Amino acid sequence: MTQRYSAKPPSIPFIQYTIKTMIPAVQEVALAQQLNHGTSFPLIYRAEAELQDIDAVAAWVQANQQPLLEQLAERGAILFRGLPARSDLDFDRVVQSLGLANFSYAESLSNAVRKNRTERVFTANEAPPEVEIYLHHEMAQTPVYPSKLMFYCELAPSSGGATPLCRSDAVLSVLEERAPEFVRRCEQEGVRYTNVMPASADLASGQGRSWQSTLSVATKAEAETRLSALGYGFEWMADDSLQATTPVLPAIRSLDDGRRVFFNQLIAAFRGWQDARNQASKSVSFGDGQAIEERDMRIVCDAGEELTFDVPWQTGDIALVDNFLVMHGRRPFQGKRRVLASLFA
């Protein structure tokens, strides 16, 4: 079981790899909790002296875009430590220097409440610190999702608050051994998600974005038109909240390199979609509408925890995540925590 920090995370010294990095101005290093999937997960870089200001960092990211993206596709996540990123504007410079198209939060179907800092940078999730955000692929519960994510730790919490990262190809490999019939049904039938969106933002929930904001509409008629075009089923509740059920979505997908991944939001929905409007156990089903057995979901959740690396944030850290290969989440925390995010199409 992955360690959950109930007190301040221990200070873990870097362990130098003997492998020589092929990208200048950073040194590949390791943390003791890293996982091994043939290569270390996640890949961790510490900045060298050349990267002493944000202009140098932006130029370095732009110059090394191709090898960074190649390593991301192989490893699934890269953590950069020691970069001189000190504000949301610094982070925005790094985001833009990567040269990838923006995936707008405002125009997405994400149910999380977030606040934009810049056009491309926003808070990761406004849910209260005691609320855990469980493992998920970003927006995999919708027909439209980003390919990559970038996180920036503007302020590390005094306790907890790690971002768990988990390789979905490794999870699928475990599930094929422990729950082969469940995997078969996921692959053949797909899954559907049901969520009740509030009439106004619910900041106490990790799924508290209003239906107006989620769907980028102002009226019920516009909401119905948008959902119908997307193939959703829907029902208005007495309090003007909106229950929506997705069309059948894939639970397993194949990447361009042939790897198969457990690409969905089943863990997050089963464990975390619980609030004043939603009952987590009723939030997911197979594509034919049949319930997913709790025993199968327990196997899935256990596999995810076993294969998770908790990013022990330090202020200034930046993490780049392949959304097609890696799930992420948020551990509960104490004190102030400010982790910002950006999405790439």
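The next point concerns the nonpolar core. Of all hydrophobic cores here, the largest spans 33 residues; its most connected members are Phe182, Phe262 and Leu266. Going through the elements one at a time, strand S8 (133–136), helix H4 (168–178), helix H5 (180–189), strand S12 (191–197), helix H8 (266–272), strand S17 (284–286) and helix H9 (294–306) are the ones with two or more residues in this core. Once residues lying within four places of it in the same chain are set aside, the contact partners of Leu266 are Phe182, Cys186, Val191, Tyr193, Val284, Ile292 and Met297.

Here we come to the environment of Gln243. If you trace the backbone, Gln243 turns up in strand S14 (residues 242–245). Spatially, the C-alpha atom of Gln243 lies 7.0 Å from that of Thr194, the residues being 49 residues apart in sequence.

A separate point is the packing of helix H1 (residues 54–63) against helix H3 (residues 88–97). Orientation of H1 relative to H3, taken along the N-to-C sense of each, is 20 degrees, at an axis distance of 8 Å. Classed by the angle they form, the pair H1 and H3 counts as roughly parallel. Where H1 crosses over H3, the two elements pack in a sense that is right-handed. Touching Ile54, Asp55, Val57, Ala58, Val61 and Gln62 of H1 are Asp90, Arg93, Val94 and Ser97, all from H3. Here the contact of H1 with H3 is built from residues that sort into five nonpolar, two polar and three charged.

Within the secondary structure, Thr308 is located in strand S18 (residues 308–311). Here the side chain of Thr308 touches Gly304 through a polar contact of 2.5 Å, landing on its backbone oxygen.

Cut-offs used in this document
Residues numbered from 1 in each chain as written. Predicted model: local features only at pLDDT ≥ 70, side-chain atom pairs only at ≥ 80, totals over all residues. Heavy atoms only, no water. Core = buried A, V, L, I, M, F, W, Y, C linked by side-chain atoms within 4.5 Å. Buried < 20%, exposed > 50% of the residue type's maximum accessible area, 1.4 Å probe, protein only. Helix = DSSP H or I, 4+ residues; strand = E, 2+ residues; numbered from the N terminus. Contact = heavy atoms within 4.5 Å. Axes fitted to C-alpha atoms, helices over the stretch in contact; angles between N-to-C directions. Parallel < 35°, antiparallel > 145°, perpendicular 65-115°, else oblique. Left-handed = near helix turned anticlockwise from the far one by under 90°. Nonpolar A, V, L, I, M, F, W, Y, C, P; charged D, E, K, R; others polar. Polar contact = N/O pair within 3.5 Å; in protein donor to acceptor, adjacent residues only side chain to side chain.

On their own, these measurements won't tell you what the molecule is for.
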